[in-house]
Amino acid sequence: MPRPILATIHPAALQHNLERCRQAVPDAKVWAVVKANAYGHGIERAYPGLRSADGFALLDLDEAERVRALGWRGPILLLEGVFEPRDLELCSRLDLWHTVHCEEQIDMLAAHKTNVGQRVFLKMNSGMNRLGFTPGQFRSAWSRLNALSQVAEVSLMTHFSDADGARGITYQLDAFNRVTQDLPGERSLSNSAATLRHSQPPEGGELASDWIRPGIVLYGSAPDHPLHTSAQWALQPGMTLASKLIAVQTIDTGASVGYGSTFVAEQPMRIGVVACGYADGYPRVCPSGTPVLVAGVRTRLVGRVSMDMITVDLSPLDAAGVAAGIGAEVTLWGRAANGTLLGIDEVAQAAGTLGYELMCALALRVPVQVDAA
Ligand SMILES: *Cc1c(COP(=O)(O)O)cnc(C)c1O
């Protein structure tokens, strides 16, 4: 028998989450963001759940080729644009739309020999200071692009730094709207957090999103956890990470568990040993107390996470009279067989990080299956 750890991808949940985005911004087209191998879910596995999107947005050219290989004939957008001139050949051949965020990318386009006009998304750096032209540079970049015979159509985009937090989007939205007001072309502004939290534009502002760009919400994580949980946003987990108990120890008061003896029992208790560790992508920094489901019952991690194992407190199961021995189901995040949910955001919070990082860090050695339901 293989080691019992298993990740399950839930395409029906991805589809549900995509519909949530459509409900939030009914008039917008949806870029399903599938960068980083669909946030660790696997592009091929996620695709059946996301094929009702209007387009796929990603970074890597090989990921674009994989989406085309799945039979997708609609739009694909390269979110960081091209990295070198020959990438433009592939854009022409695979009909990829691409972001233009710097002068060097305009130079590459100007030198590109093609009969096929390219569809580009000109990116404004509206305050985040990662990619894009500043508001002061934006219009001249637009004019330069618009004059190129290699360019068929210019759309406009920006990216929000604080859609999930207190600062909000207004400071960037104002800059974007002020500069682009009279420019033609489709707009793409909202990530997941803006899609769910700012679909009603702020007083006086206009949030014209012809194309929204949700990523994390498609996979069932709340973009603003712990302010809201995924359940409060009516999102469903796109991934379950499950394993089993492979050993059980009964220990006395004062006995310690695991490396560094960081957990010491305050009363006699049973400890379950789970086949899952940091080499599977479970964060080593998760402290004692991190939530875990055993047989669908909520309990906690105790002691340090090791490479291949974690140890969990079986007292809540014993107290409830739930039998849990070797072979019992353990849910690290996602959905247990009895339907109980454990949000990936809760585990991420215990680790001091985000659901994004946990999904993307699922280790290669973990087998992955696709939920047929
Ligand atoms: C990753 C990314 C998104 C999606 O962000 P989420 O927070 O996952 O919704 C949208 N736009 C751009 C440019 C991105 O790089």
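These numbers come from a predicted model, not from an experiment.

Points about the domain arrangement of the chain
Partitioning the chain into domains gives domain 1 (11-219) and domain 2 (239-370). One C-alpha centre belongs to domain 1, the other to domain 2, and the line joining them spans 38 Å. In this complex, domain 1 contributes eight residues to the contact, which on the side of domain 2 involves eight residues. Overall, the association of domain 1 and domain 2 removes approximately 780 Å² of surface from exposure, summing both partners, and the carbon and sulfur fraction of that is 77%. It is Tyr39, Arg45 and Ile216 that lose the most area in domain 1 upon contact with domain 2, and together they represent 56% of the buried surface on that side.

Things to note about the pairing of strand E6 (residues 118-124)
With respect to burial, E6 is a largely interior element, seven of its seven residues being buried. Residues Gln118, Val120, Leu122 and Met124 of E6 are buried on one face, and the alternating residues Arg119, Phe121 and Lys123, pointing to the opposite face, are buried as well. Examined bridge by bridge, strand E5 (residues 97-100) and E6 share three bridges and lie parallel to one another. Pairing of Thr99 across the sheet is with Phe121, part of E6. Assessed by its sense of winding, the connection that carries the chain from E5 through helix H6 (residues 103-111) to E6 is right-handed. Relative to strand E7 (residues 151-158), E6 is paired through seven bridges, and the arrangement is parallel. Across the sheet, residue Val120 finds its bridge partner in E7, namely Val154. Remark: the E6/helix H7 (residues 135-146)/E7 crossover connection has right-handed handedness.

Notes on the nonpolar core
Most often, soluble globular proteins have nonpolar side chains that are buried together. Grouped together as the largest cluster of nonpolar side chains are 109 residues, with contacts concentrated most on Leu145 and Tyr282. Looking at this core, you find at least three residues from each of domain 1 (11-219) and domain 2 (239-370). Sequence-distant contacts of Leu145, defined by excluding residues within four places in its chain, comprise Val100, Ile106, Leu109, Val120, Leu122, Val151 and Val154.

What to know about the packing of helix H1 (residues 11-24) against helix H3 (residues 43-50)
Contact geometry of H1 with H3 gives a least axis separation of 7 Å together with a crossing angle of 50°. Considering their axes alone, H1 and H3 lie oblique with respect to each other. Handedness of the crossing formed by H1 with H3: right-handed. In this structure, H1 contributes Pro11, Leu14, Gln15 and Leu18 to the contact, and H3 contributes Arg45, Ala46, Gly49 and Leu50. Across the contact of H1 with H3, the residue classes break down as five nonpolar, two polar and one charged.

Calculation criteria
- Residues numbered from 1 in each chain as written.
- Predicted model: local features only at pLDDT ≥ 70, side-chain atom pairs only at ≥ 80, totals over all residues.
- Heavy atoms only, no water.
- Domains from an automatic or database assignment.
- Contact = heavy atoms within 4.5 Å.
- Buried area = accessible area lost by both parts, 1.4 Å probe.
- Buried < 20%, exposed > 50% of the residue type's maximum accessible area, 1.4 Å probe, protein only.
- Helix = DSSP H or I, 4+ residues; strand = E, 2+ residues; numbered from the N terminus.
- Pairing = 2+ DSSP bridges.
- Right-handed = clockwise from strand over helix to strand, strands pointing away.
- Core = buried A, V, L, I, M, F, W, Y, C linked by side-chain atoms within 4.5 Å.
- Axes fitted to C-alpha atoms, helices over the stretch in contact; angles between N-to-C directions.
- Parallel < 35°, antiparallel > 145°, perpendicular 65-115°, else oblique.
- Left-handed = near helix turned anticlockwise from the far one by under 90°.
- Nonpolar A, V, L, I, M, F, W, Y, C, P; charged D, E, K, R; others polar.

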